[in-house]
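Working through the structure, step by step
Residue strings, one per chain:
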Amino acid sequence: MSDQQILNLEERFQQRIDAEIKVEPKDWMPEKYRKTLIRQISQHAHSEIVGMLPEGNWISRAPSLRRKVALLAKVQDEAGHGLYLYSAAETLGAERDQLTRDLLDGKAKYSSIFNYPTLSWADIGAIGWLVDGAAIMNQVMLTRNSYGPYARAMVKICKEESFHQRQGYEIMLTLAKGTEEQKAMAQDALNRWWWPSLMMFGPSDAESTHSAQSMKWKIKRKSNDELRQQFVDVTIPQADFLGLSVPDKDLKWNEESGHYDFGPIDWDEFWRVVKGNGPCNRDRIKARRKAYDEGKWVREAAMAHAEKKKERKAKLAKSA
Amino acid sequence: MSDKKNWPLYEVFIRSKNGLNHRHVGSLHATDEEMALENARDVYTRRSEGVSIWVVESRHIFASNPDEAGELFEPAQDKVYRHPTFYELPDEVKHI
Ligand SMILES: [Fe+2]
Ligand SMILES: [Fe+2]
């Protein structure tokens, strides 16, 4: 194809995006659109999968059967989310096994939030409330993104997420209404998860490298800072209701703007964790590698079994 | 670290309740149809989203090419006489 032809195709592609026509798997798309989506969707998928680890840590120690079945169901949902997303990435020509290996080799990123440890039961409450809450903000926006399979996966995910956030908030509510010690636990969890949750929306708009193009292609429809502000605005009243306070001395309601002002984010910490030096980065990848390596014989045996079954069926059909 | 043989990809279709068509919901990997069906239940129907599941290996789906959508679908566009509104009847005629 000549450069001029590609230019024309790109123009037509943009016109369709502007007209809110979704892009579907076999449609022509600019290579960069495809690559951006594969990167973003697979990072998102990896986040769902790695995100099972900090919470999985508490399944066996949940304080009641009610909490245990809820947490188990939530973690299972996250596995499902990972699978919907890998499936969407595969429609773009990505190969599943390659995506997994990129994660295990440390080549692919996932949300930094999951590199923080879950030290107490209250962390499970804080994660459901804040981490799933922040994820929902982002995912609701993504239900309207321009790539059909990704948008459809997001619709399904969003339907499932709201239970995650509610179960988290319920845990916080129970602790906040409990003994002094329990309330202190809840406050401690909020203290540790607040800033990392705000970082989940990514670098500030001024620093964000991919944003402009992604907005133009409608892969994103709101900027990182917009989503972050939206999250702060809905979350602060929820913290107030719990009788807990977020660890930010600069936080205050701004009558004029109709939003909460909040203090500066420690971007050095953000980049430190992104680059692999958060409290749990090594543990997380180690756990994923272990699962992959130890599951190898199962994957192979299942394949061999299926092939044998097929052969047997073929033989039976012949002799019949 | 790569497995020599990857599990094939299956497309999953679900009928959410009787009276509705099966609808494509996504894909998954499995060693054979039976495993694909079981996995589809766990991945796509954790909240009773379905009463029936179809799975088919993705490579068996023969699809139209979007680049040829013009030739394929445009012939239908100028056939207005296939629609009831094409036919002019007086208002007095009822139930038609
Ligand atoms: Fe999720
Ligand atoms: Fe979730």
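Quick note: structure is the one above.
Because the structure is predicted, anything quoted here is derived from the model rather than measured. (Residues numbered from 1 in each chain as written. Chains lettered and ligands numbered in written order. Predicted model: local features only at pLDDT ≥ 70, side-chain atom pairs only at ≥ 80, totals over all residues. Heavy atoms only, no water.)

For the rest of this paragraph, the subject is the overall build of chain B. Looking only at helices and strands, one finds two helices and three strands in chain B. Going from N to C terminus, chain B has its helices and strands arranged as β-β-α-β-α. For chain B, whose C-alpha radius of gyration is 22 Å, the value lies well above the compact-globule estimate of 12 Å for 96 residues. For the C-alpha atoms alone, the extent of chain B along its principal axes is close to 75 × 35 × 15 Å. By residue count, 26% of the 96 residues in chain B fall in the buried class. When contacts within chain B are restricted to residue pairs at least 6 apart in sequence, those whose partners lie at least 24 apart make up 44%. For chain B, the computed accessible surface area is about 7,400 Å², with 53% contributed by carbon and sulfur atoms. (Helix = DSSP H or I, 4+ residues; strand = E, 2+ residues; numbered from the N terminus. Rg over C-alpha atoms; globule rule 2.2 N^0.38 Å. Buried < 20%, exposed > 50% of the residue type's maximum accessible area, 1.4 Å probe, protein only. Contact = heavy atoms within 4.5 Å. Areas by Shrake-Rupley, 256 points an atom, 1.4 Å probe, with all protein chains shown as cover.)

All right, on to the coordination of the iron ion (ligand 1) then. Residues and elements named next belong to chain A. Of the protein atoms, only E48 (OE), E78 (OE), H81 (ND1) and E161 (OE) coordinate the iron ion (ligand 1), at distances of 2.1 to 2.4 Å. Around the iron ion (ligand 1), the four donor atoms are arranged such that angles at the metal cover 81 to 155°; this shape is classified as irregular. Each donor residue of the iron ion (ligand 1) lies on the same chain, and together they follow the pattern E-x29-E-x2-H-x79-E. The distance between the iron ion (ligand 1) and the iron ion (ligand 2) comes to 3.3 Å, and E78 binds to both of them. Taken together, the positions of E78 and H81, both in helix α4 (residues 65-90) and three residues apart, correspond to about one turn of that helix. Summarising the burial analysis for this pair, E78 and H81 share the class buried. (Donors = N, O, S within 2.8 Å, 3.2 Å for Na, K, Ca; no water. Tetrahedral: all angles 85-135°; square planar, octahedral: opposite > 155°, others 65-115°.)

Residues and elements named next belong to chain A. For the iron ion (ligand 2), the full set of protein donor atoms is E78 (OE), D132 (OD), E161 (OE) and H164 (ND1), and the range of their distances to it is 2.0 to 2.2 Å. One way to put it: the four donor atoms around the iron ion (ligand 2) meet at angles of 83 to 167°, and that makes the site irregular. Linear spacing of the donor residues for the iron ion (ligand 2) on their chain is E-x53-D-x28-E-x2-H.

For the rest of this paragraph, the subject is a negative patch on the surface. All names here are of chain B. Together, D67, E68, E71 and E74 line one region of the surface with negative charge. Summarising the element assignment, E74 is placed in the segment after α2 (69-73). Residue class for E74 comes out partly exposed when judged on its relative accessible area of 48%. (Patch = residues over 30% accessible without salt bridge, like charges linked within 9 Å, V, L, I, M, F, W, Y side chains within 5 Å. Salt bridge = Lys/Arg side-chain N within 4 Å of Asp/Glu carboxyl O. Lys, Arg positive; Asp, Glu negative; His and termini not counted. Charge placed at Lys NZ, Arg CZ, Asp CG, Glu CD.)

Residue and element names in this part refer to chain A. Within this structure, the stated rule accounts for one cavity of 30 Å³ or more. What lines the largest cavity is I17, E20, I21, K22, S146, K218 and R221. Class assignment for the residues of the lining of the largest cavity results in two nonpolar, one polar and four charged. (1 Å grid on protein atoms, 1.4 Å probe; cavity = no way out; pocket = protein on both sides within 12 Å on 5 of 7 lines; lining within 4 Å. Points joined across faces, edges and corners; volume = space filled by probe spheres on them. Nonpolar A, V, L, I, M, F, W, Y, C, P; charged D, E, K, R; others polar.)

With respect to the helices and strands, the residue R284(A) is situated in helix α12 (residues 281-294). One buried charge, R284(A), has no salt-bridge partner; the nearest side chain with opposite charge is D283(A), at 5.5 Å.

Okay, the sheet that holds strand β3 (residues 52-57) of chain B next. Residues and elements named next belong to chain B. Taken in spatial order, the three strands line up as β2-β1-β3 in an open sheet, and their pairing is antiparallel. Of all strands in the sheet, those bounded by a partner on one side alone are β2 (22-29) and β3. Within the sheet, the average angular offset between the axes of one strand and its neighbour, ignoring direction, is 25°. Summarising the sheet, strand β1 (residues 9-15) and β3 pair through six bridges and their orientation is antiparallel. Across the sheet, Y10 pairs through a bridge with E57, a residue of β3. The strands that helix α1 (residues 33-44) touches are β1, β2 and β3; relative to β2, the one it contacts most, it runs at about 110°. (Pairing = 2+ DSSP bridges. Axes fitted to C-alpha atoms, helices over the stretch in contact; angles between N-to-C directions.)

Residues and elements named next belong to chain B. A contiguous nonpolar surface patch, about 410 Å² in accessible area, is contributed by V80, Y81, F86 and Y87. Mapped onto the elements of the fold, V80 is located in the segment after α2. By relative accessible area, V80 is classed as partly exposed at 45%.

Let's shift gears to the interface of chain A and chain B. By a widespread convention, an interface's size corresponds to the accessible area lost as its parts come together. Between chain A and chain B, the contact holds 29 residues from the first and 22 residues from the second. Here chain A meets chain B over a buried area of about 2,300 Å², counting both sides, of which 50% is carbon and sulfur. One can count eight salt bridges joining chain A with chain B. A salt bridge links K313(A) to E34(B); the shortest N-O distance between them is 3.8 Å. For the side of chain A that touches chain B, the secondary-structure elements that each account for two or more residues are α4, α5 (96-104), α7 (148-176), α12 and α13 (296-319) of chain A. (Buried area = accessible area lost by both parts, 1.4 Å probe.)

This next bit is on the nonpolar core. The nonpolar side chains of soluble globular proteins are, as a tendency, buried together. Within the largest apolar cluster, 87 residues are counted, with the highest numbers of intra-cluster contacts made by Y33(A), I41(A), Y147(A), W193(A), W194(A) and L28(B). When residues of this core are assigned to their parent elements, the largest contribution, eleven residues, is made by helix α6 (residues 122-142) of chain A. Excluding anything up to four places from it in sequence, W193(A) contacts I113(A), Y116(A), P117(A), T118(A), D123(A), A126(A), I127(A), L130(A) and V131(A). (Core = buried A, V, L, I, M, F, W, Y, C linked by side-chain atoms within 4.5 Å.)

All right, on to the packing of aromatic side chains then. Residue and element names in this part refer to chain A. Tallying each qualifying case throughout the model produces 14 aromatic pairs over all chains. With 4.9 Å between their ring centres and 75° between their planes, F13 and Y33 make a pair best called edge-to-face. Of the two residues, F13 is situated in helix α1 (residues 3-18) and Y33 in helix α2 (residues 31-50); the sequence distance between them amounts to 20 residues. Each member of the pair, F13 as well as Y33, carries the same accessibility label: buried. For the pair W58 and W121, a centre-to-centre distance of 6.3 Å together with 65° between the ring planes defines the contact as edge-to-face. (Phe/Tyr/Trp six-rings, centres within 6.5 Å; stacked < 30°, edge-to-face > 60°.)

Let us look at unusual backbone geometry. All names here are of chain A. The backbone of K218 shows a phi angle near 60°, a positive value even though the residue is not glycine. Within the secondary structure layout, K218 lies in the loop between α9 (211-216) and α10 (224-242). Residue K218 is classed as buried on the basis of its relative accessible area, which comes to 15%.

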